[in-house]
Amino acid sequence: ATAMPLRGVLSGLLAQSHEGRPTKVEGNPDHPVSRGATGVFEQASVLNLYDPDRSRSVLRDGAASTWAAFVDFCRQLAVDAAGKRLVVLSEETSSPTAAALRQQLAGRFPQLRWITYRAEGDDPVRLGLQRAFGSPYRPVYHFEQAQVIVSLDADFLGPTAHNFVHATRAFADGRRLSTPQDAMSRLYVVESTYSITGGMADNRLRLRSSEVPALAAALAAKLGLGDAQGTGARFADHPFVAAMAADLQAAGSRGVVLAGETQPPEIHALCAALNDALGSAGVTYLDTGEPPARPQADELADLVRDMNEGNVDALLLLGVNPVYDAPAALDFGAAMKRVGETVHLGLWVDETARAARWHLPRAHYLEAWGDGRSYDGTRSVIQPLIAPLYEEARSEIEVLGALATGLDQAGYDLVRAQWRGQIPEPFEQGWRKVLHDGFLPGTAYATAAAALQPVAPGPLPTPAADELEIVFRLDPTLLDGTFANNAWCQELPDPTTKIVWDNVALMSPQTAERLGLSIEYDAGKYYVDLIEVTLGERSVVLPVWTLPGHADDSISVTLGYGREITSNRPHRKSPFWDKDEDTDVYGRGALANGVGQNVSVLRPTASTRVALGASVRKTGETYLVVTTQEHGTLDVEARPLVRMATYDEYRQDPAFVQQREEPTPREPFEDYPALWENSHPAGTAAMKDNPYFRNQWGMVVDLNACTGCNACIVACNSENNVSVVGKQHVGTGREMLWLRLDRYFISHGDDEALPENPQMVLQPVPCQHCENAPCEAVCPVAATVHSPDGTNQMIYNRCIGTRYCSNNCPYKVRRFNFFNWTKTLPLEVQMAHNPNVTVRFRGVMEKCSFCIQRIRRAQQRAGLEERAVRDGEVRTACQQACPAQAIAFGDLNDPESAVVQQKQNSRNYAMLAELDVKPRVSYLGRVRNPNPSLEPTHT
């Protein structure tokens, strides 16, 4: 048991090790927040541990030094400490040990200033609730209790959300439908660009982020807060506002309103007032005990001014990279040069590390002791799974300990010293229990009971009719750049655009047409216009990309790209490929270098997420953008791959998914024989005598719960040693992902053209493990065969690479190794491999195996114990990671299993069932709950 710090809170995890090296993490099922689930970044964090570009040694003025030399420096710095002006610029942290060391540091350096730094800027949620309650409380949304949810540019289902796992599970719990009598929540979303949350919306309004405050004011006026003629006058008569207000009033305490991080603190305070007026049970506030917060923009501006004026003697940067991601107008790097001593702690020799006098290699959370608190406040110990790969690496608490005491103290001792006051006696027994369980029960934050202060939306800037805005967002695959050097994340398709290895300037098709921009599709590749986006005196060149449902006159950009990491591995040409160096993804130095553009240079010093007054100029050049959306395209118009109905339609016709099947001139597919019953009669008896025959594995995916967050894909990569191939080869359709998420935009009404605001649907597609598998019939060497327990297997040693199976697969889920992707992997990356899964080589086909290694392990355990495999004992990697619990997997021979219960749901259907291939994977049709007054005729 361990925990991962992410955006200032901990995720409770279980980590699996082989021969002393961690290879996989899962959510801790006993932890009150994670409850066994994870997100993209938890799953990808294992590869960060084995990143061959990680910093390995202490640097002093760019030259090699030692940790012992740094400890000596700490002792020298403490001389005349009372007069030293020390500033600590730290990432968000919830560590009680770090908090205690901060107090010790303040005792040693009385003029200490501590600033919490966020790459994305201010925390408007905290500042807004501070405005509403007088203290920076933390909101917890109980979406499972809500009847009506209103999201004002809040992507609370996106992987970058602070409480993503809890929010996704809670939302999915409010959408599960076993029978037509089950209740279902209704989600309204107002946003500028399509997000995962927008894709799950029942009613969605595309609107510039800068206009959302006015709409929020209009909604508040409808609900009796504020003046309808004030800021929200423009939206006072908008039908979307009227529908939301009416539904919220009807829902009462079962209504909840929330705003996103793009919105200013005033709107978050207004949402708190709206929830208070509704008496909402869908949101509670936690008292974190933190002091009142200042806007980060003000703190950074003061710090840069003091550094430029020589009023800072020493600057300690803990896990932050402001030279890269602070607003460019601050010129943070130049200000650092005016500070006598600068110390940087980080995983990489990045932009800030090169500007600092001292650089310290940071220990990964899987190789260092630490502690912290989850989103609800539950305390956990971060327990390492491996000794530091590089002996000079240290954790942030060890660096703080050296500065606070001048001693070289181990993180283990620092954490134990702090926890002695938290664990009841006897300490050793309690300590071991915490390490075993992964957390200390009963340590969650108390629910806040403070009264709401009067809140009224003040005057907010209103954009002109055709004024361009820029919206800065965290990237759903790279976060703020923390995962920029992670190959799994770079090759993970964006949830909505499906773009890999790039960031783009997203805009609506209408805005692109008005600006004269174009996207050309040629032989499976997209060549797009390069544009220069200017804001004030700063500009950046980006490829343009259009997205249906995006707000007009708005440009969305994501942070985390355009990195400059100094790799400790020299640039080399792979010795294995003479013609194409790019086949070796790790052969060109740090992965993040040269990928995308750093858009932080455009951010205003106010650190807001939305900026007005942008301009766009075509450069006259084009750029290749790679997206996986068109790969393995199925005939969507002729075949109902995603089946969807409204809530009213579902209640009237629970079996709507069956009636929407395309008619076939042949007999119903149910009458066709199963593969092993009649197709091979001579082998039937022997097959049934096989001990594996007693289990028959199958899967169901609930499209009503699946949000398309991508956690399943990264979990599959980690579990099954899936290779990364790079942008060039993804562009030719050679990505190796065993699981893909197909994204569809669905139109409404009789107009065949895609509307301005279509419905977005995401559908996960693994190998379907067909009973009458088309791939098996055409393989000349029986490399793909059917197992006794009903899985479609790949025998790698037999495969000769004809690819007939891929040609014959109607689902296009098989992947072919055109190159030996693993042959040139650095040793560190090989350490991340799961030893229970074969590493594939050039010339063989591979695909989803239902995590057969997990199945066999459970069957062997059950055999040794002389019992049947229990339901839930086998969990595939995608199923275990899923925070929405959208995937059911189990034995179809067990009538009480969860997967059989899901198969009996009236919404259950098989994709392409008319082909008579009898897939073992099926789906539960999606049900939407739109407001009839806003819903056009659905087609």
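As the structure is a computational prediction, the values presented were derived from the model and not from experiment.

Draft legend 1. Local environment of the packing of helix α7 (residues 212-222) against helix α8 (residues 239-251). Between α7 and α8, the shortest axis-to-axis distance is 9 Å and the interhelical angle comes to 45°. Taken as axis vectors, α7 and α8 run oblique relative to one another. With respect to the hand of their crossing, α7 and α8 are arranged in right-handed fashion. On α8, the residues that touch Leu215, Ala218, Leu219 and Lys222 of α7 are Val241, Met244, Ala245, Leu248 and Gln249. The residue makeup of the contact of α7 with α8, split by class, is 7 nonpolar, 1 polar and 1 charged.

Draft legend 2. Spotlight on helix α15 (residues 411-419). Three or more residues of α15 are buried, namely Gly411, Leu414, Val415, Arg416 and Trp419. Next to the buried residues of α15 lie α3 (96-108), β17 (370-373), β18 (379-382), α14 (396-405) and α16 (427-437).

Draft legend 3. Region of interest: the packing of aromatic side chains. Following the criterion strictly, the structure yields 23 aromatic pairs and no others. With a centroid separation of 5.8 Å and 35° between ring planes, the pair formed by Phe70 and Phe73 is classed as tilted. Here Phe70 and its partner Phe73 are both found in helix α2 (residues 67-77), 3 residues apart, which amounts to about one turn of the helix. Taken as a pair, Phe70 and Phe73 share a single burial class, namely buried. Ring plane angle 20° and centroid distance 4.4 Å describe the contact between Phe143 and Phe156, whose orientation is recorded as stacked. Highlighted residues: Phe143 in the loop between β8 (138-141) and β9 (148-152) and Phe156 in the loop between β9 and α5 (164-173), separated in sequence by 13 residues. Accessibility assignment for this pair places Phe143 and Phe156 in one class, buried. Taken together, the aromatic side chains of Trp67, Phe70, Phe73 and Trp358 make up a single cluster linked through ring pairs. Between the NZ or CZ atom of Arg138 and the centre of the ring of Tyr375, over which it lies, the distance is 5.0 Å. Here the guanidinium or amino end of Arg416 rests over the ring plane of Trp431, the centre of that ring lying 5.5 Å away.

Draft legend 4. Structural context of the sheet that holds strand β16 (residues 358-361). Read from one edge to the other, the open sheet built from 7 strands follows the order β5-β4-β16-β15-β14-β6-β7, with strand pairing classed as mixed. Each edge of the open sheet is held by one strand with a lone partner, namely β5 (63-64) and β7 (113-116). Sheet contacts for helix α10 (residues 296-308): β6 (86-90), β7 and β14 (314-318); angle to β7, the most-contacted strand, approximately 135°. Sitting on the sheet, α14 is in contact with β7, β14, β15 (341-346) and β16, with an inclination near 160° to β14.

Draft legend 5. The environment of Thr447, seen in detail. Within the element layout of this structure, Thr447 appears in strand β19 (residues 446-447). A relative accessible area of 52% means that Thr447 is categorised as exposed. For the pair Thr447 and Tyr285, spaced 162 residues apart in sequence, the C-alpha to C-alpha distance is 5.8 Å.

Draft legend 6. Geometry of helix α1 (residues 40-49). Buried residues dominate α1, accounting for 10 of its 10 residues. Regarding α1, the residues found buried are Val40, Phe41, Glu42, Gln43, Ala44, Ser45, Val46, Leu47, Asn48 and Leu49.

Draft legend 7. Expanded view of the pairing of strand β13 (residues 283-287). Pairing of β8 with β13, which is carried by 4 bridges, proceeds in the antiparallel orientation. Within β13, the position partnered with Tyr141 by the bridge is Val283. Here 2 bridges tie β13 to β19, and the two strands are oriented antiparallel to one another. Across the sheet, Asp287 pairs through a bridge with Ala446, a residue of β19.

Draft legend 8. View of the pairing of β15. A large share of β15 lies buried, amounting to 6 of its 6 residues. Alternating residues of β15 divide into Glu341, Val343 and Leu345 and Thr342, His344 and Gly346, and every residue in both groups is buried. Sheet topology places β14 next to β15; 5 bridges connect them, and they run parallel. The partner of Leu315 across the bridge, within β15, is Thr342. Of the pairings in the sheet, the one linking β15 to β16 comprises 4 bridges and is parallel in character. Bridging from a neighbouring strand, His344 pairs with His359 of β16.

Draft legend 9. Structural context of the pattern of salt bridges. Within the structure shown, the criterion is met by 47 salt bridges. Note that Arg854 and Glu26 form a salt bridge whose closest N and O atoms lie 3.0 Å from each other. Of the two residues, Arg854 is situated in helix α28 (residues 852-864) and Glu26 in strand β3 (residues 21-27); the sequence distance between them amounts to 828 residues. Just as Arg854 is buried, Glu26 falls in that class too. In this structure, Glu428 engages Arg416 in a salt bridge whose closest nitrogen and oxygen atoms are separated by 2.5 Å. A residue pair is termed long-range when its members are at least 10 positions apart, and Glu428 in helix α16 and Arg416 in helix α15 qualify at 12 residues.

Draft legend 10. Just the sheet that holds strand β1 (residues 2-6), in detail. Sheet architecture is open: 3 strands sit in the order β1-β2-β3, paired in antiparallel fashion. A strand with exactly one partner marks an edge of an open sheet, and here the two such strands are β1 and β3. Pairwise comparison of adjacent strand axes, ignoring direction, gives a mean angle of 45° for this sheet. When β1 meets strand β2 (residues 9-18), the two strands line up antiparallel, connected through 5 bridges. Bridge pairing links Leu6 to Val9 in β2. Across the sheet, α1 touches β1, β2 and β3, and the angle it forms with β3 is around 170°.

What counts and what doesn't
- Residues numbered from 1 in each chain as written.
- Predicted model: local features only at pLDDT ≥ 70, side-chain atom pairs only at ≥ 80, totals over all residues.
- Heavy atoms only, no water.
- Axes fitted to C-alpha atoms, helices over the stretch in contact; angles between N-to-C directions.
- Helix = DSSP H or I, 4+ residues; strand = E, 2+ residues; numbered from the N terminus.
- Parallel < 35°, antiparallel > 145°, perpendicular 65-115°, else oblique.
- Left-handed = near helix turned anticlockwise from the far one by under 90°.
- Contact = heavy atoms within 4.5 Å.
- Nonpolar A, V, L, I, M, F, W, Y, C, P; charged D, E, K, R; others polar.
- Buried < 20%, exposed > 50% of the residue type's maximum accessible area, 1.4 Å probe, protein only.
- Phe/Tyr/Trp six-rings, centres within 6.5 Å; stacked < 30°, edge-to-face > 60°.
- Lys NZ or Arg CZ within 6 Å of the ring centre and 35° of its normal.
- Pairing = 2+ DSSP bridges.
- Salt bridge = Lys/Arg side-chain N within 4 Å of Asp/Glu carboxyl O.

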